[in-house]
Each structure stands twice: as C-alpha cells, then as structure tokens.
Amino acid sequence: MTNRIPVAEPTLSGNERKYVLDCLDTNWISSNGKYIGMFEKSFADFCGVKHAIACNNGTTSLHLALVALGLAPGDEVIIPTVTYIATANCVRYCHATPVLVDVEPGTLNIDPAAIEAAITPKTRGIIPVHLYGHPAKMDLIRSIAEKHKLFVLEDAAEAHGATHGGKRVGSLGTVASFSFFGNKIVTTGEGGMLTTDDDALADKMRLLRGQGMDPKRRYWFPVIGYNYRMTNIQAAIGLGQMEQIDEKLSKRRTIGTWYNNELAHLSEEIELPYEETGSRHSYWMYNIFLKTGSEQRRDMVMKIMDQAGIETRPVFYPMHVMPPYAETTQYPVADSWACRGINLPTHEGLTESCIKRIANHLNQAIRQTSGLDTNFTARAA
Ligand SMILES: *Cc1c(COP(=O)(O)O)cnc(C)c1O
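Within the secondary structure layout, S13 lies in the segment before α1 (16–26). Owing to a relative accessible area of 56%, S13 belongs among the exposed residues under this scheme. Between the C-alpha atom of S13 and that of Q241, which follows or precedes it by 228 residues, the distance is 8.5 Å. Within the local environment of S13, its side chain forms a polar contact with the side chain of Q244, the two groups lying 3.1 Å apart.

Next up on the list: a nonpolar patch on the surface. A grouping of L21, L24 and I29 is seen on the molecular surface, where their side chains present a nonpolar patch of about 260 Å² in accessible area. Of the residues examined, I29 reaches a relative accessible area of 45% and is grouped as partly exposed.

All right, on to helix α12 (residues 352–368) then. Between its terminal C-alpha atoms α12 stretches 24 Å, which fits the 24 Å expected from 17 residues at 1.5 Å a residue. Among the residues of α12, C354, I355, R357, I358, A359, L362, N363, A365 and I366 are the ones counted as buried. On its buried face, α12 is in contact with α9 (245–263), β10 (270–271), β12 (286–290), α10 (295–307) and β14 (341–344).

Pairs can form between side chains of opposite charge once their charged atoms are near each other. Counted according to the given criterion, the structure contains 17 salt bridges. Connected via shared salt-bridge partners are E40, R206 and R209.

Before going further, it helps to spend a moment on the sheet that holds β12. The sheet built from four strands is open, its strands ordered β10-β12-β14-β13 with antiparallel pairing. Single-partner strands in this sheet number two, and they are β10 and β13 (313–314). Looking at chain direction, β13 and β14 are connected through two bridges and run antiparallel. Bridged to R313 within β14 is N343. Strand contacts of α9: β10, β12 and β14, with the helix running at about 25° to β12, the strand carrying the most contacts. Sheet contacts for α10: β12, β13 and β14; angle to β14, the most-contacted strand, approximately 20°.

By nearness alone, 15 residues border the ligand, and T59, D155, E158, S179 and K184 come closest of all. Within the contact set of the ligand, an oxygen atom lies 2.8 Å away from a backbone nitrogen or oxygen of G58. Side-chain polar atom of E158 to an oxygen atom of the ligand: 2.5 Å apart, as the coordinates give it. Within the complex, 93% of the 380 Å² of free accessible area of the ligand lies under protein. At three residues, the largest contribution of residues to the shell around the ligand is made by helix α3 (residues 58–68). Here the residues of the shell around the ligand are counted per class, giving six nonpolar, six polar and three charged.

Further remarks concern unusual backbone geometry. Positive phi is not limited to glycine here, since L108 has a value of about 60°. Along the chain, L108 turns up in the loop between β3 (97–101) and α5 (112–118).

It is worth spelling out α10 at this point. End to end, α10 covers 18 Å across 13 residues, agreeing with the expected 18 Å (1.5 Å per residue, within 8%). All buried positions along α10 are accounted for by E295, R297, R298, V301, M302, I304 and M305. With a side-chain oxygen lying 3.3 Å from the backbone nitrogen of Q296, the N-terminal cap of α10 falls on S294. Looking one or two residues beyond α10, the residue adopting positive phi is G309, at roughly 85°.

Here we have three strands laid out as an open sheet, ordered β7-β6-β11, and antiparallel in their pairing. Each edge of the sheet is formed by a strand with only one pairing partner; in this case those strands are β7 (167–168) and β11 (279–280). Judged from the two bridges that link them, strand β6 (residues 163–164) and β11 form a sheet pairing that is antiparallel. Looking at β11, one finds that T163 is bridged to R280.

A separate point is the nonpolar core. Grouped together as the largest cluster of nonpolar side chains are 95 residues, with contacts concentrated most on F43, L66, F178 and M205. Counting residues in each nonpolar core, the second largest holds 26 residues, with I270, I310, I358 and A365 among its members.

What follows is about the domain arrangement of the protein. Examined at the domain level, the protein breaks down into domain 1 (16–242) and domain 2 (245–368). Computed from C-alpha coordinates alone, the two centres of domain 1 and domain 2 are separated by 26 Å. Across the contact, 41 residues belong to domain 1 and 37 residues belong to domain 2. The contact between domain 1 and domain 2 buries some 3,300 Å² in all, and 61% of this surface belongs to carbon and sulfur atoms. Sorting the residues of domain 1 by area buried against domain 2 places Y132, H134 and I185 first, and these three jointly supply 24% of that buried surface. In this assembly, domain 1 and domain 2 are joined by 21 residue pairs in polar contact (both at pLDDT 80 or more).

Our focus in this paragraph is the side chain of D75. When you line up the elements, D75 lands in the loop between α3 and β2 (76–80). Leaving out residues up to four positions away in the same chain, D75 has contacts with G70, A96, T97, K122 and R124.

About the criteria used
- Residues numbered from 1 in each chain as written.
- Predicted model: local features only at pLDDT ≥ 70, side-chain atom pairs only at ≥ 80, totals over all residues.
- Heavy atoms only, no water.
- Helix = DSSP H or I, 4+ residues; strand = E, 2+ residues; numbered from the N terminus.
- Buried < 20%, exposed > 50% of the residue type's maximum accessible area, 1.4 Å probe, protein only.
- Polar contact = N/O pair within 3.5 Å; in protein donor to acceptor, adjacent residues only side chain to side chain.
- Patch = residues over 30% accessible without salt bridge, like charges linked within 9 Å, V, L, I, M, F, W, Y side chains within 5 Å.
- Areas by Shrake-Rupley, 256 points an atom, 1.4 Å probe, with all protein chains shown as cover.
- Salt bridge = Lys/Arg side-chain N within 4 Å of Asp/Glu carboxyl O.
- Expected span 1.5 Å × (residues − 1).
- Contact = heavy atoms within 4.5 Å.
- Pairing = 2+ DSSP bridges.
- Axes fitted to C-alpha atoms, helices over the stretch in contact; angles between N-to-C directions.
- Near = heavy atom within 4 Å.
- Nonpolar A, V, L, I, M, F, W, Y, C, P; charged D, E, K, R; others polar.
- Core = buried A, V, L, I, M, F, W, Y, C linked by side-chain atoms within 4.5 Å.
- Domains from an automatic or database assignment.
- Buried area = accessible area lost by both parts, 1.4 Å probe.

In structure tokens form, the structure reads like this:
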C-alpha cells in the first residue's frame, strides 16, 4: 500500500516548535509579544520594503489595505477573473465593485491590455494576483496605474519570494498582501501580511488593524477600525518559517525542475508551466493544462489520479462563473484555459521518486481519457 500524496502540506522543521513553546512558557499568547515585531521585521527585510504589518489571515489583510486606501461604495477595482475568491470578496466588503478582466494564456495572470480597456472614471485601483507563484506583468501594470492615478494592491498570497525585474513581489505596487494559510509557501496556520514603502499608509493600516485605537492615547478611538491582529503564537511559527525561506524556495525550484524533466515527454498532450523573461516563479503550485478535451476530461484525469492515491486540484474556476459574481460576458482565455488546468502536488516534503510516481500516473490518466478527447466544450455552451 503506497502512501497518499497530498497536494500541499506544511513543513515545520525549524524553530517553529521552540518559539511556540516560548510563547506558552512566558504567557505571551495574544497579539502582544516579541514575535510579532520580529516576524514583521524579517518579512519586510525579505521583501525589501520599509513596513510589514501582520494580520490574522490573508483575506483580512486584503480588506485592511482597501479600507486604508480609502476605497468607497461605488468605486471600481480591476481584478483578474481567474483568482481565489478572496480577491473579489475584499472589494465587495467595501461595497465597491470588482471589475473582472481576462487573463493571459499560460500564466493565467491578469492581461495588462484588458486592464486598460476596463478603466472608467470610477476606477480607483488594480489588484494583480501573482497566480500560483508566477508574478503578474508588474512593469506594465504600474505604468498603467501611474498614467491613470490608480493604486496597485498586489495579491501576493501565493507568491512569497517570486521576483519580477529582480525585485521581490511585495515591493512592486502601492501595497501588497500575503497569506500564511496552512497550504501557502510560508505558513502560520492562518495569517496574513501587508507590505509597503508608504509610511502614511503603513500607519493607517496599523491603526485600523487594532480597532482604530489612537497610538498616543489608550482606549481612545478616533476612527472605526477592526480587530485583524495576528497572535504571538502565529508570529512565532512565521519567524521559524522565515529562517528557512531560502531552503523552502530552492526546494520548490527543484520540484519544478523534477516535474519539467518527468513530464517533458508529454508535451504533445499537456502545457507545462513556464517563466516569463525577467520573472522568477516561486512554484506555490505546479500546474499543467490538458491541450485538448473538456472540463469533464480534466475531472476524469483528476479522479484517476485520486484513485491512485494522488491528490490534485482544479485550477480556480473563474470569478465570472461564481454565483455572486456571475456574468454572461465571455472571457475567452479564462474560459478556455481554467477548465483544462490541474494543480499537481507541490510541497517541500516531496522526493524525486514521488514526482516520478505522480508523472507516471498522470501519463496513464491522460492515455485512459483520450476517448474523452472530443472537441473542447466551452463552459458557456
Ligand atoms: C490564499 C489566498 C488569499 C488569502 O487567503 P486566506 O486563506 O484568507 O489567508 C488571497 N488571495 C489569494 C489569491 C490566495 O490564494
């Protein structure tokens, strides 16, 4: 009986345990305590920015950034239609409108040309998502934003350590948001982080994170804030994780290389991930896309893998097919690509023999489903 291979799994092999026990032994278990400042400092240094503000998860951090940026009811924010639901929801939490745009083939990152076309007088900002660890085209996005005086909130939840033009994500927009959920590259169980070089924005985000309490006058609340604080225990785990970030990223690169080697012979059948010039992928998830067939075929491939003890996941369903954001608009790239995409297991516990086993079963699943390889059926059909 072979072991099941999960799609993601945390690796807690450094000082995480020691630091958590220190929190318990010293009674510093809430959102005061030394690990929060230490984790924030190490994360800011890692991203190459002045400020990092820890939050209780990567959805509250997105929301906090939008509130601090002054997003108001009726405003519009441009987001890619292919993303995790939190990107769209955080805009709605502000009673603003997420304006969906199409993505680019291959990376499924936001298409800069589509952004330009979606700008209206109500547009306030753009949330590019570095999907699955590949940076969005930030040079182009920033110049569009500058031209139209828009903010850029990087949703870097999936891309810790990825770079674009030699700079790390988290330092490429007005502000960036990260997630430390259990399946992310760096984890604190649940957790989030905001990074920025803007002093005033950082102050505002810190204020709003702690119920809006005046930092100079305890229990005085000049504004309505939130409790979006991270605990010392979460930060203790995060600091332990950050001490090993280089090893984490290099192991993910190695896994990417192993997959590329093992899957090269399937290039007639599947698209493999690639890196755009000037970008460095952090491989949160290694994705493949079936070149032909429908969503049903993709789901069948995943089912066959599951029966062989290999967990996989479908690439995110586009926002425009989700009930709260449903539209009849066609997004040709998202519609044709997302339903053919599969996330393969990507985590630090994988060995080269695991990758060979996964590749072998993927090969078999592709052969077994070639009968379902009929014309591509568009989702809208
Ligand atoms: C994980 C994730 C988030 C935030 O998720 P939390 O689970 O709230 O930490 C936001 N955006 C994207 C794209 C994500 O993948």
